[in-house]
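Structural features, examined
Each chain, written out:
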Amino acid sequence: MASSDAGENEMVVTPWEVRGKVDYERLIREFGTQPLTEDLLKKMSKYTDKLHLQLQRRVFFSHRDLDTVLDLYEKGTRFVLYTGRGPSGPVHIGHLVPWMFTLHLQQKFDTRLYFQLTDDEKFLVDDEASLEETRKFAYENALDLIALGFKPENTFIIYDVEDIDLLYDVTLEVAKRITYSTARATFGFEDSTNIGWVFWPALQAAPCFIHKKLTGENVPALIPAAIDQDPYWRVTRDIAQKLGYHKPAQIHCRFLPGLGAGGKMSASMPETSIFTMDPPDLVKRKIWNAFTGGKGTATEQRKTGADPTVCSIFQYYYYLFEEEDQRLTEREHACKTGEMLCGECKRDLAERLNKFLEEHRKRREKAKDKIVEYHIKR
Ligand code: TYM
């Protein structure tokens, strides 16, 4: 993992913790993944027409075997999508980043999505969590997923605790082939780690292979997620072929930052995260308090301009809330030259975000009536 013995400001990226300034080039080197190249993106755009914004802007920046999956697809072998969520609390807009891209892939490739809600993982990992709580959040989080527009015919939600009978045999096959020493080296387990957690990675591996069991079709899984989940795929890829499956492929995104200075948006820092259920006034207040690249006074900023490269607000436009490249460039220019001050930029963003969230919540409410249609055991 990168890197367990780090000091306060050093980069740490694990499935359970992300802190410090994230150096994505270094992660590619240390995790041994591949950068997304122009050639590969060209190949992708053969199937998606226009490249998705998150590819164009390299929000998705790295992969494993995406080229293999596309080559197989060209020759007639389809793939399935797999991603998930650890239901430890409400969904924030950082979680929506990989899910929106997953939706795009589902629509363009007309392919199945398996979505795992790991109510068991969050119970095991968090000393305070109860199973009742994580199961409740699994339901709540599924509503957010459905609200994005996934179609039930192609979407199969797995609630680990409830659906363990479907996963268990595949999980055992995986678990038997991963040694404790590999798991410890990959996940940083310690003597005090509970044994449920030590076994648990086999459960996150299982949905990579579940499609064959359900349909008889042996096709690869492609996993869109932020790069923090990569350690799971390293161990899973090592054993996949021994079990007669394709190695699961990945496409990795960067972290939508929080509203503070540096760091990813994280539910453990609610004051710098925007949750989908945050009411409009709270969204405004959080945005108003956000860290920007602005100067001490308006006069100074008008004279010397501000720095969008360190500004959390600018990142929200970049990742999600300004789809027009031209307008993004204009906003960047207006910021750098001092034409637009932080107050105006924050007000615009709060408005866009609240409009988006209002629509999202309407669709989320409607999702309550059809959530059963998405359950893998429908
Ligand atoms: P979890 O709940 O930590 O995160 C859910 C998904 O959101 C991504 N993510 C982010 N993406 C962009 N910006 C952020 N600030 C941000 N924070 C989180 C995560 O990478 C993840 O894709 N163990 C997993 C649940 C899981 C899973 C999977 C995830 C089970 N199977 C397969 C991805 C793929 C977890 O706790 O995710």
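Residues numbered from 1 in each chain as written. Predicted model: local features only at pLDDT ≥ 70, side-chain atom pairs only at ≥ 80, totals over all residues. Heavy atoms only, no water.

1. Regarding the overall build of the protein chain
- Along the backbone of the protein chain there are 18 helices and nine strands.
- Radius of gyration (C-alpha) of the protein chain: 21 Å, near the 21 Å computed for a compact globule of 378 residues. (Helix = DSSP H or I, 4+ residues; strand = E, 2+ residues; numbered from the N terminus. Rg over C-alpha atoms; globule rule 2.2 N^0.38 Å.)

2. Re the packing of helix H5 (residues 93–109) against helix H16 (residues 312–321)
- Following both chains from N to C, one finds H5 and H16 inclined at 30°, their axes separated by 11 Å at the closest point. Judged on the interaxial angle alone, H16 and H5 are roughly parallel. At the point where H5 passes H16, the crossing takes the left-handed sense. On the side of H5, the interface is formed by Ile93, Val97 and Met100, while H16 contributes Tyr316, Tyr319, Leu320 and Phe321.
- Partitioned by chemical class, the residues of the contact of H5 with H16 number seven nonpolar, no polar and no charged. (Axes fitted to C-alpha atoms, helices over the stretch in contact; angles between N-to-C directions. Parallel < 35°, antiparallel > 145°, perpendicular 65-115°, else oblique. Left-handed = near helix turned anticlockwise from the far one by under 90°. Contact = heavy atoms within 4.5 Å. Nonpolar A, V, L, I, M, F, W, Y, C, P; charged D, E, K, R; others polar.)

3. Regarding the layout of surface pockets
- Each pocket or cavity is described by its volume, and for the largest pocket that value is around 1,100 Å³.
- Surrounding the largest pocket, 49 residues form its lining, Pro15, Arg85, His95, Asp228 and Lys264 being those nearest its centre.
- In terms of residues, the lining of the largest pocket owes the most to one element, H5, which gives five residues.
- Tallied by class, residues from the lining of the largest pocket come to 21 nonpolar, 19 polar and nine charged. (1 Å grid on protein atoms, 1.4 Å probe; cavity = no way out; pocket = protein on both sides within 12 Å on 5 of 7 lines; lining within 4 Å. Points joined across faces, edges and corners; volume = space filled by probe spheres on them.)

4. Structural notes on the site of the ligand
- Surrounding the ligand, one finds 25 residues, the nearest of these being Arg85, Gly86, Gln204, Asp228 and Leu256.
- Separating a nitrogen atom of the ligand from a side-chain N or O atom of Gln204 is a distance of 2.8 Å.
- Calculation on the ligand without its partners gives an accessible area of 690 Å², and the protein chains cover 98% of this total.
- When atom positions are compared with the pocket grids, the ligand is found to occupy the largest pocket.
- Secondary structure elements with two or more residues in the shell around the ligand: strand E5 (80–85), H5, helix H6 (119–125) and strand E8 (221–226).
- Here the shell around the ligand takes four residues from E5, the largest share from any one element.
- Its residues assigned to classes, the shell around the ligand comprises nine nonpolar, 10 polar and six charged. (Near = heavy atom within 4 Å. Polar contact = N/O pair within 3.5 Å; in protein donor to acceptor, adjacent residues only side chain to side chain. Areas by Shrake-Rupley, 256 points an atom, 1.4 Å probe, with all protein chains shown as cover. Sits in = over half its atoms within 2 Å of the grid points.)

5. Some details on the pairing of strand E4 (residues 60–64)
- With five of five residues buried, E4 is to be regarded as a mostly interior element.
- Looking at chain direction, strand E3 (residues 34–35) and E4 are connected through two bridges and run antiparallel. Bridge pairing in E4 places Gln34 opposite His63.
- Relative to strand E9 (residues 249–253), E4 runs antiparallel, the two sharing four bridges. Note that in E9 the partner of Phe60 across the bridge is Cys253. (Buried < 20%, exposed > 50% of the residue type's maximum accessible area, 1.4 Å probe, protein only. Pairing = 2+ DSSP bridges.)

6. What about a positive patch on the surface?
- Together, Lys151, Arg363, Lys366 and Lys370 give the surface a local cluster of positive charge.
- For Lys366, the position within the fold is in helix H18 (residues 342–370). (Patch = residues over 30% accessible without salt bridge, like charges linked within 9 Å, V, L, I, M, F, W, Y side chains within 5 Å. Salt bridge = Lys/Arg side-chain N within 4 Å of Asp/Glu carboxyl O. Lys, Arg positive; Asp, Glu negative; His and termini not counted. Charge placed at Lys NZ, Arg CZ, Asp CG, Glu CD.)

7. Quick word on the packing of helix H2 (residues 38–48) against helix H4 (residues 66–74)
- Interhelical geometry of H2 versus H4 gives an angle of 40° and a closest axis separation of 11 Å. H4 is crossed by H2, and the crossing has left-handed handedness. Where H2 approaches H4, its residues Leu40, Lys43, Met44, Lys46 and Tyr47 are matched on the opposing element by Leu66, Asp67, Leu70, Asp71, Tyr73 and Glu74.
- Across the contact of H2 with H4, the residue classes break down as six nonpolar, no polar and five charged.

8. As for the confidence of the model for the protein chain
- On average, residues of the protein chain score 95 in pLDDT, and 98% of them reach the 70 mark or higher.
- Considering each helix and strand of the protein chain separately, the mean pLDDT is smallest for strand E2 (residues 17–19), with a value of 90, and largest for strand E6 (residues 113–117), with 99. (pLDDT = per-residue confidence, 0-100.)

9. Looking at the packing of aromatic side chains
- Applying the stated criterion across every chain yields a total of 22 aromatic pairs.
- Residues Tyr73 and Phe109 carry aromatic rings whose centres are separated by 5.1 Å and whose planes lie at 80° to one another, so their mutual orientation is edge-to-face. In this pair, Tyr73 is assigned in helix H4 and Phe109 in helix H5, connecting sequence segments 36 residues apart. Across the pair, Phe109 and Tyr73 agree in class, each one buried.
- Put simply, the rings of Trp16, Tyr82, Phe187, Phe189, Trp197, Trp200, Tyr232 and Trp233 touch in pairs and so form one group of aromatic residues.
- A cation over a ring is seen here: Arg57 above Tyr318, with NZ or CZ 5.6 Å from the ring centre.
- The cationic tip of Arg254 hangs over the ring face of Tyr24; the distance from NZ or CZ to the ring centre is 4.8 Å. (Phe/Tyr/Trp six-rings, centres within 6.5 Å; stacked < 30°, edge-to-face > 60°. Lys NZ or Arg CZ within 6 Å of the ring centre and 35° of its normal.)

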